[in-house]
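Structural description and commentary
What follows is the residue order along each chain.
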Amino acid sequence: VQTSWEELQAQGYKLPEAFWWDNNGNGIVDEGEQLTGYWITKYQLTGDEPNRINAEISAGSDLIKINGITGTLIENAQTNSVPLKIEYYLNGDKKYEGESSTEKYEYKGLEENTTYTVNIIVRNSNTNEYIGAVTKKITTITKIVPDTSTFDKETTFYVSWDGDKEVRTSIKENPPENWFNYTNQEWANIVTTANGTETYFVWIPRYEYKTLSNERTDVRFIKKDITNDNCTQGYKVPEAFWWDNNNNGVHDEGEELTGYWMSKYQLSN
């Protein structure tokens, strides 16, 4: 602009306040205090940005599990002995506050087949200074109910537990409420009693898995229609969940198993 401040004002123009620097601190736009321009910070992306804060997240039918917080910002804080405060949010509501990046936390009492937004914020617990955060959307699964239709109803029983005491209920009746809860690692068991022999079975529901960098295995229970072609990136489905009905060696539509019964052990007289 090649016009003086006074001339611009007379013409009805005005300059944004950002182009004035009050050198003498008198609150008046004096001659020579107008800026030709100014620098403003934008942002900078670095190559390791995706790994600065990360969380191992998995979902069941009624909960979401956080298995630990990792990333370069966590490593830097630990190297500098910075005490951590970790805030856990679900759909914008704060649910819990932890102190360790290795702590495991669970959002419980959730709805089946529902998408939730998980937000985890890491702070310096002494100063409340923001260190970093991670936000992810994750969907709870639909509960897969074990199929007992192929077992003899006269000789097969649901197995549940009352403390250390085994409780048996005929599969002709409704299954006990505490028969299984896979999100809490409580497996569905049955027992068959025939010809003087008792055989126990455990239900293995369909799942996908991957091996993590620390040599741990992350397992996620999934729906029937998920295969190696459309499961979560980096995961795969064990071959045991495919039954080749037509023996053509090809994983055809409809050949995915929701789960299968596996013999645990056998007791004989």
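Residues numbered from 1 in each chain as written. Predicted model: local features only at pLDDT ≥ 70, side-chain atom pairs only at ≥ 80, totals over all residues. Heavy atoms only, no water.

1. Section: the overall build of the protein chain
Scanning the protein chain for helices and strands turns up 2 helices and 14 strands. Expressed as a percentage of the 269 residues in the protein chain, the buried residues total 35%. Contacts spanning at least 24 positions in sequence make up 50% of the contacts within the protein chain whose residues lie at least 6 apart. For the protein chain, the computed accessible surface area is about 17600 Å², with 47% contributed by carbon and sulfur atoms. (Helix = DSSP H or I, 4+ residues; strand = E, 2+ residues; numbered from the N terminus. Buried < 20%, exposed > 50% of the residue type's maximum accessible area, 1.4 Å probe, protein only. Contact = heavy atoms within 4.5 Å. Areas by Shrake-Rupley, 256 points an atom, 1.4 Å probe, with all protein chains shown as cover.)

2. Observations regarding the pattern of salt bridges
Taken as a whole and assessed by the stated rule, the structure comprises 8 salt bridges. With its nearest N and O atoms 3.9 Å apart, the salt bridge here joins Lys85 to Glu87. The same class applies to Lys85 and to Glu87, which are both buried. The partner of Lys94 in a salt bridge is Glu87, with the nearest N and O atoms 3.8 Å apart. Take Lys94: its relative accessible area is 40%, and that puts it in the partly exposed class. Salt bridges sharing common partners tie together Lys85, Glu87, Lys94, Glu97 and Arg123. (Salt bridge = Lys/Arg side-chain N within 4 Å of Asp/Glu carboxyl O.)

3. Here we look at the side chain of Thr169
Looking at the element boundaries, Thr169 is found in strand β9 (residues 165–170). For Thr169, a relative accessible area of 15% translates into the label buried. Aside from chain neighbours lying at most four places away, what touches Thr169 is Phe157, Tyr158, Asn174 and Pro176.

4. Thoughts on the side chain of Asn189
On the secondary structure map, Asn189 appears in strand β10 (residues 189–194). Residue Asn189 is classed as buried on the basis of its relative accessible area, which comes to 10%. A distance of 2.9 Å separates a polar side-chain atom of Asn189 from the backbone oxygen of Trp187. Not counting residues within four places of it along the chain, the set of residues in contact with Asn189 comprises Phe157, Tyr158, Val159, Trp179, Phe201, Val202, Trp261 and Lys264. (Polar contact = N/O pair within 3.5 Å; in protein donor to acceptor, adjacent residues only side chain to side chain.)

5. A look at the packing of aromatic side chains
Using the criterion set out here, one finds 14 aromatic pairs in the structure. Taken together, a centroid distance of 5.0 Å and an interplanar angle of 80° make the contact between Tyr105 and Tyr107 edge-to-face. For the pair shown, Tyr105 and Tyr107 are each scored as buried. By way of ring pairs, the aromatic residues Phe151, Tyr158, Trp179, Phe180, Phe201, Trp203 and Trp261 are connected into one cluster. (Phe/Tyr/Trp six-rings, centres within 6.5 Å; stacked < 30°, edge-to-face > 60°.)

6. So, the sheet that holds strand β7 (residues 130–139)
Strand order in this open sheet of 4 strands is β4-β3-β6-β7, and the pairing throughout is antiparallel. Among the strands making up the open sheet, the edge pair consists of β4 (93–98) and β7. Strand-to-strand twist of the sheet, defined as the mean angle between neighbouring strand axes without regard to direction, takes the value 20°. Where strand β6 (residues 115–124) and β7 come together, 9 bridges link them in antiparallel fashion. Looking at β7, one finds that Val118 is bridged to Lys136. Packed on one face of the sheet, helix α2 (residues 72–79) meets β3 (84–90), β6 and β7 and runs near 145° to β7. (Pairing = 2+ DSSP bridges. Axes fitted to C-alpha atoms, helices over the stretch in contact; angles between N-to-C directions.)

7. Looking at the nonpolar core
Counting residues in each nonpolar core, the largest one holds 23 residues, and the members touching the most others are Ile64, Ile66, Ile69, Tyr88, Tyr107, Val118 and Ile120. Of all the secondary-structure elements, those providing two or more residues to this core are β1 (54–59), β2 (64–70), α2, β3, β5 (105–107), β6 and β7. Here Ile64 is in contact with Ile57, Ser58, Ala59, Tyr105, Glu106, Tyr107, Leu110, Tyr116, Val118, Ile138 and Thr140, once residues within four sequence places are set aside. (Core = buried A, V, L, I, M, F, W, Y, C linked by side-chain atoms within 4.5 Å.)

8. Some thoughts on the confidence of the model for the protein chain
Predicted confidence across the protein chain gives a mean pLDDT of 84, with 90% of residues reaching 70 or more. Predicted confidence in the protein chain is weakest over helix α1 (residues 5–10), with a mean pLDDT of 70, and strongest over β9, with 96. Predicted confidence for residues 45–50 stays below pLDDT 50, and this span has 2 contacts to residues more than four positions away or in other chains. (pLDDT = per-residue confidence, 0-100.)

9. Overview of the sheet that holds β2
The 3 strands are arranged β1-β2-β5 in an open sheet whose pairing can be described as antiparallel. Strands with a single pairing partner mark the edges of an open sheet, and in this sheet they are β1 and β5. Pairs of neighbouring strands in the sheet enclose a mean axial angle of 25°, with direction left out of account. Where β1 meets β2, 5 bridges bridge the pair, whose relative direction is antiparallel.

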